[in-house]
Amino acid sequence: MTQDAGALPGDRDESAVIDTTVAHSARMYDYWLGGMTNFAADRRLGAAVEDLIPTIRTMAWENRRFLGRAVRRLVRQEGIRQFLDVGTGIPTRGNTHEVAQQADPSCRVVYVDNDPIVLAHARALLDSTPAGRTAYLHADLREPGAILGHPALRETLDLDRPVALMLLGVLMLVADADRPRDHVQELMAALPSGSCVALSHVTADFDPAAVGAVVDAEGEGRMVLVPRTRAEVAAFFDGWELLEPGIVPVMAWHPDGEPPADPQAAYYWAGVARKP
Ligand SMILES: C[S@@+](CC[C@H](N)C(=O)[O-])C[C@H]1O[C@@H](n2cnc3c(N)ncnc32)[C@H](O)[C@@H]1O
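Caption draft 1: Layout of the overall build of the protein chain. Tallying secondary structure elements over the protein chain gives 10 helices and eight strands in all. Reported as C-alpha extents along the three principal axes, the dimensions of the protein chain are approximately 45 × 45 × 35 Å. Relative to its full complement of 276 residues, the protein chain shows a buried share of 45%. Taking the intrachain contacts of the protein chain between residues at least 6 apart in sequence as the baseline, contacts between residues at least 24 apart amount to 75%.

Caption draft 2: Here's a closer look at the packing of helix 2 (residues 40-52) against helix 9 (residues 208-220). Across the interface, helix 2 lies against helix 9 with an axial gap of 9 Å and an inter-helix angle of 160 degrees. Classified by the angle their axes make, helix 2 and helix 9 are roughly antiparallel. In the packing of helix 2 onto helix 9, the handedness of the crossing is right-handed. The residues of helix 9 that touch helix 2, namely those facing Leu45, Ala48, Val49 and Leu52, are Ala210, Ala213, Val214, Ala217 and Glu218. Partitioned by chemical class, the residues of the contact of helix 2 with helix 9 number eight nonpolar, no polar and one charged.

Caption draft 3: Examining the site of the ligand more closely. In the region of the ligand, 23 residues are neighbours, and Ala26, Gly87, Gly89, Asp115 and Leu168 sit closest. The class makeup of the residues in the shell around the ligand is 11 nonpolar, seven polar and five charged.

Caption draft 4: Representation of the pairing of strand 2 (residues 108-113). Counted residue by residue, strand 2 has six buried out of six residues, so it is predominantly covered. A two-sided burial pattern is seen for strand 2, the buried positions comprising Arg108, Val110 and Val112 on one face and Val109, Tyr111 and Asp113 on the other. The pairing of strand 1 (residues 82-86) with strand 2 spans five bridges and is classified as parallel. Counterpart to glutamine 82 in the pairing with strand 2 is arginine 108. As for the winding sense of the linkage, the β-α-β connection from strand 1 through helix 4 (residues 96-103) to strand 2 is right-handed. Summarising the sheet, strand 2 and strand 3 (residues 133-138) pair through six bridges and their orientation is parallel. In the sheet register, aspartate 113 faces strand 3, and the bridge partner there is histidine 138.

Caption draft 5: Summary view of the environment of glycine 219. As for its position among the elements, glycine 219 is in helix 9. Of the residues examined, glycine 219 has 11 C-beta atoms within 10 Å and is grouped as exposed. In sequence terms glycine 219 and isoleucine 56 are 163 residues apart; their C-alpha atoms lie 17 Å from each other.

Caption draft 6: The arrangement of the environment of serine 195 in detail. Relative to the assigned elements, serine 195 resides in the loop between helix 8 (180-189) and strand 5 (196-202). Residue serine 195 is classed as buried on the basis of its 23 C-beta neighbours within 10 Å. In sequence terms serine 195 and valine 163 are 32 residues apart; their C-alpha atoms lie 4.8 Å from each other. In this view, serine 195 contacts Pro162, Val163, Ala164, Leu165 and Lys275; residues no more than four positions away in its chain are not counted.

Caption draft 7: Examining the confidence of the model for the protein chain more closely. Residue-level pLDDT values for the protein chain average 93, and 94% of them are 70 or greater. Within the model, pLDDT remains below 50 along residues 1-14, and this stretch shows 26 contacts once partners closer than five positions in the same chain are excluded.

Conventions adopted
Residues numbered from 1 in each chain as written. Predicted model: local features only at pLDDT ≥ 70, side-chain atom pairs only at ≥ 80, totals over all residues. Helix = DSSP H or I, 4+ residues; strand = E, 2+ residues; numbered from the N terminus. Buried ≥ 20, exposed ≤ 12 C-beta atoms within 10 Å, placed from the backbone. Contact = placed C-beta atoms within 7 Å. Axes fitted to C-alpha atoms, helices over the stretch in contact; angles between N-to-C directions. Parallel < 35°, antiparallel > 145°, perpendicular 65-115°, else oblique. Left-handed = near helix turned anticlockwise from the far one by under 90°. Nonpolar A, V, L, I, M, F, W, Y, C, P; charged D, E, K, R; others polar. Near = placed C-beta within 6 Å. Pairing = 2+ DSSP bridges. Right-handed = clockwise from strand over helix to strand, strands pointing away. pLDDT = per-residue confidence, 0-100.

Pasting the structure below:
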């Protein structure tokens, strides 16, 4: 079910019940980023993961920095002015519309997340520049038809003009049984030539033991975490042209300063591709 943020926070439907007794990916990520939108269960599992990967907070920030670099580059180098950010997360510093509209105030952004707590905080994502526009959809990546057909998306984005599909740190939360590739392909198919996809994905390729232990810990907390190999991540880009430098460790994707000494210190693959 989809819902735009116009009626919220406060009004909730059946799909928007927040269970704070069970750890949730968006709130754990918020905890690692130093945010305030997390509860005891999130902090407990977040700390357990931190015991297994002591650099988890830095890794979360490296993923956010990639978001900033990718969005700036998409606006400045690729001429993108429209973004569809699926798996938005709880608003934090440097949200997609803030970065994009700093580069060009006319940028338009549609945010999508399926977590009711993100919906409850979605107002912070709607502070668009007057020249641009933002919208928030409470919707699920596994229902691409509902996202693409949503009136708020159609009012905000022109699907005849290039769009950047942002899939950062979200596909790892979708089990293979839920066919993430099919849903991503459906979203990509709806976008015109010249559109881009930016993607980051947790991997066990750099430290299988530590990431394996995190998968087990999160599984015990009833969470799904699916690290994917470089080849599996590459498959999401199928048919689109990877921009330089291709699929690389997230810290190595156009770093702002000096190249990182150990780019594999953050366990994410990242890449951006363009539709031919
Ligand atoms: C780790 S956060 C990533 C946030 C942001 N994209 C970033 O990279 O900083 C993952 C977000 O994806 C959302 N998410 C997970 N599964 C989803 C699904 N099936 N549909 C939509 N959003 C989903 C979670 O609720 C969470 O807010």
